[in-house]
Amino acid sequence: MSYAPSAATLKKIEGMIAPYPEKSAALLPVLRAIQEESGCVLPEAEAWVAAKLGIRPIRVREVLSFYTMFRRKPAGKTTIQVCRNLSCTLAGAEDIIGFLREKLHIGPDGTTPDGRITLETVECLGNCDHAPCLQIDGVDHGPVTRDGAAALLEELRAHE
Amino acid sequence: MSEDDVRLIPADDSSWRFEAYLRRGGYEAARKAVTSMAPQDVIAEVRRAGLRGRGGAGFPAGLKWSFVPQCGTAPKYLCVNADEGEPGTFKDRAILVRNPHQLLEGMIIAAFGVGIRKAFIYVRGEYARIARRLEEALAEARERGFLGRGIFGSDFDLEVIVHVGAGAYICGEETALLESVEGRRGQPRFKPPFPAVVGLFRSPTVINNVETLANIPSIIGCGADWFTARGLPKDGGTRLFGVSGAVRRPGLYELPMGTPLRTIVETHAGGPPEGVAIKAVVPGGLSAPVLRPDELDVPMDFDSLAKAGSMLGTAGIVVIGDRTPIIEVLKVTARFYAHESCGQCTPCRIGTSWIHKTVTRIGEGQGRLSDLDLILRLAEGMKGRTLCPMGDAAALPIHALVSKFRDELEQAVSR
Ligand SMILES: Cc1cc2nc3c(=O)[nH]c(=O)nc-3n(C[C@H](O)[C@H](O)[C@H](O)COP(=O)(O)O)c2cc1C
Ligand code: SF4
Ligand code: FES
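Quick caveat, the model's predicted, so the values are computed rather than measured.

S.K.: Please set out the site of ligand 1 residue by residue, giving values where relevant.
M.R.: Residues and elements named next belong to chain B. Around ligand 1, the surrounding shell holds 19 residues, and the nearest of these are Gly-55, Lys-64, Asn-208, Asn-209 and Thr-212. Gly-172 places a main-chain nitrogen or oxygen 3.2 Å from a nitrogen atom of ligand 1. The separation between an oxygen atom of ligand 1 and a polar side-chain atom of Asn-208 is 2.8 Å. The fraction of the free accessible surface of ligand 1 (610 Å²) that becomes covered by protein chains is 91%. A per-element tally of the shell around ligand 1 places strand 4 (residues 205-209) first, with three residues.

S.K.: A description of the packing of aromatic side chains should follow, citing residues and the corresponding values.
M.R.: All names here are of chain B. In total, this model carries 17 aromatic pairs over all chains according to the counting rule given. Pairing Tyr-21 with Tyr-27 gives two aromatic rings, centres 5.3 Å apart and planes at 90°, and the pair type is edge-to-face. Above the plane of the ring of Tyr-127 lies Arg-124, whose end atom (NZ or CZ) is 5.3 Å from the centre. If you follow Arg-133 out to its NZ or CZ, it ends over the ring of Trp-16, 4.1 Å from the centre.

S.K.: Give a detailed account of the site of ligand 2, specifying residues and quantitative values.
M.R.: Around ligand 2, the structure places 13 residues, and the nearest of them are B:Cys342, B:Gln344, B:Cys345, B:Cys348 and B:Cys388. Within the shell around ligand 2, the residues separate by chemical class into eight nonpolar, five polar and no charged.

S.K.: Report on the interface of chain A and chain B, specifying residues and quantitative values.
M.R.: Between chain A and chain B, the residue contacts involve 38 residues of the former and 55 residues of the latter. Both sides of the chain A and chain B interface together cover about 3,600 Å² of buried area, and 57% of this is carbon and sulfur. At the surface where chain A touches chain B, the tally comes to three salt bridges. Residues A:Glu22 and B:Arg202 are paired through a salt bridge, measuring 2.7 Å at the closest nitrogen-oxygen approach. Of all elements in the fold, only helix 2 (27-38), helix 4 (57-66), helix 5 (86-90) and strand 4 (139-141) of chain A reach the threshold of two or more residues within the side of chain A that touches chain B.

S.K.: Pulling in residues and values, what's your account of the packing of helix 5 (residues 91-98) of chain B against helix 7 (residues 128-143) of chain B?
M.R.: Residue and element names in this part refer to chain B. Taken N-terminus to C-terminus, the directions of helix 5 and helix 7 make an angle of 40°; their axes are 8 Å apart at the nearest point. Classified by the interaxial angle, the pair formed by helix 5 and helix 7 is oblique. The two elements helix 5 and helix 7 cross, and the hand of that crossing is left-handed. Facing helix 5, whose interface residues are Arg-93, Leu-96 and Val-97, helix 7 presents Ile-130, Arg-133 and Leu-134. Among the residues making up the contact of helix 5 with helix 7, the classes are represented as four nonpolar, no polar and two charged.

S.K.: Residue-level account of the domain arrangement of chain B, with values.
M.R.: Residue and element names in this part refer to chain B. The assigned domain composition of chain B is domain 1 (3-229), domain 2 (238-321) and domain 3 (326-414). One C-alpha centre belongs to domain 1, the other to domain 2, and the line joining them spans 26 Å. Buried area between domain 1 and domain 2, summed over both chains or domains, comes out near 1,600 Å², and the portion from carbon and sulfur atoms is 57%. Across the pair Arg-52 and Asp-303 runs a salt bridge, and its minimum N-O distance is 3.2 Å.

Conventions used here
Residues numbered from 1 in each chain as written. Chains lettered and ligands numbered in written order. Predicted model: local features only at pLDDT ≥ 70, side-chain atom pairs only at ≥ 80, totals over all residues. Heavy atoms only, no water. Near = heavy atom within 4 Å. Polar contact = N/O pair within 3.5 Å; in protein donor to acceptor, adjacent residues only side chain to side chain. Areas by Shrake-Rupley, 256 points an atom, 1.4 Å probe, with all protein chains shown as cover. Helix = DSSP H or I, 4+ residues; strand = E, 2+ residues; numbered from the N terminus. Phe/Tyr/Trp six-rings, centres within 6.5 Å; stacked < 30°, edge-to-face > 60°. Lys NZ or Arg CZ within 6 Å of the ring centre and 35° of its normal. Nonpolar A, V, L, I, M, F, W, Y, C, P; charged D, E, K, R; others polar. Contact = heavy atoms within 4.5 Å. Buried area = accessible area lost by both parts, 1.4 Å probe. Salt bridge = Lys/Arg side-chain N within 4 Å of Asp/Glu carboxyl O. Axes fitted to C-alpha atoms, helices over the stretch in contact; angles between N-to-C directions. Parallel < 35°, antiparallel > 145°, perpendicular 65-115°, else oblique. Left-handed = near helix turned anticlockwise from the far one by under 90°. Domains from an automatic or database assignment.

Right under this line is the structure:
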């Protein structure tokens, strides 16, 4: 299977490459754009990116496998990322993580069987004065209580 | 500019807009620098102000700028460090969200002083939404001719590119950040050569933290003397102190450099909640060794904290209450560094993961008394023996937790 981004994403990608003194420097933003559209970066897309930026495919793989926010396999439609660093742990993050796992019937860092929600634990989100906190598809929430977490899940269901 | 206008974080929520910033006297300092000052005078004023880097290490900003060679034709770059990954730190976020134009103005002045025409702002991936606001602010500034070609009608140009990361604490280390902007794994480079000489795309590069640069407009606008009067002679200005953990009012407090830690925690942040006593305080982000309750009278400035055996770091203060077992703090710390080690050098790669395994074992009730000495030995083996400062950043706080709370940990092991 070969990969090609949508026309809109292709245009965005070309705009991203232009300001860099070296094309290959646009690798992170380009991968971000592809992941934003496709949910992950599959091997076909890796090959496309390598050709587009004039670099060897291994360089794309090196970068993809280094940064924690890149995905090489699809995840759920929605991603919940719960912080478990110090300030959040002091404020009860482990309890919130346990509660969400129980509610969603999934293990650590898992996706619900219907593929709707991926739950992950992450390190400090830079929102420690709102501990315990989490991000849902990049949107910050906190401080989160058990009731608050349940309400957020309800809201996600309602938006299906 | 009045006292209130030069705060890093304005009180009003809509203050991030261009018009609001102009009303506060914004961009006047950049105009002054670009249209009426010689570049070397800009650097001299910043040196006089005693502005020390707010990213963690506290290196004097003006001195760093003066290291950039002013001969040769290679392009020069400015990289703004908005990676803010140090646990317990949320100050750069506040500047990006509430006062992005002050950062941009600081960048214009810095770039003019050093002779830079292209700047990158490296924003951590977790702040991708915040980066959109930054793009909006950039567009506003470009539209008015405050960025781009011929700034303020002069022949000075500056192009700014926002580069969003993808999740990796180590990319906050300045040379790892350069690798990441170049589209590679964020693995730190060996120094020397220092980035001021060989940096981004092999060219001379200045790397500064967001808060450092956001202080520049007031130094040029109000003068170095005014700036040192608000802080200390060798450590000028105010600092954004973030307080989280066991306090009544977690949040960000902008106070003079040198404000005692106890005052910040007890007066500004309201002290611990009812029925809780302070057990320990992390004074400057997770990498800063913990202080005990009897060590809190220390002034919060770079030199005083170093003398107290810790560091001011990012000024992210985390208060640990007496209900939290120290082993929990140790677990979080050990896990974090084991996870974030880039793996390039052995003492850090093996040291952090070995410490993590040992701490996990203690946490699971399988610990041995000798484990505490093992952790101390591993931490000592990392100190000063790694390619980048992350080895120390991991070893020092772990060493302090074990040596300062040994009795409690011994009880945890023998239970
Ligand atoms: C492991 C590690 C992580 C770092 N993370 C950051 C960071 O997130 N933000 C930052 O500004 N500096 C960070 N630094 C410090 C930078 O290497 C560098 O000193 C700083 O950006 C220089 O800017 P300043 O002089 O204005 O502080 C980190 C350093 C290390 C060793
Ligand atoms: S000290 Fe750690 S983070 Fe720094 S280069 Fe070595 S392995 Fe990488
Ligand atoms: S520790 Fe959770 S956001 Fe910082």
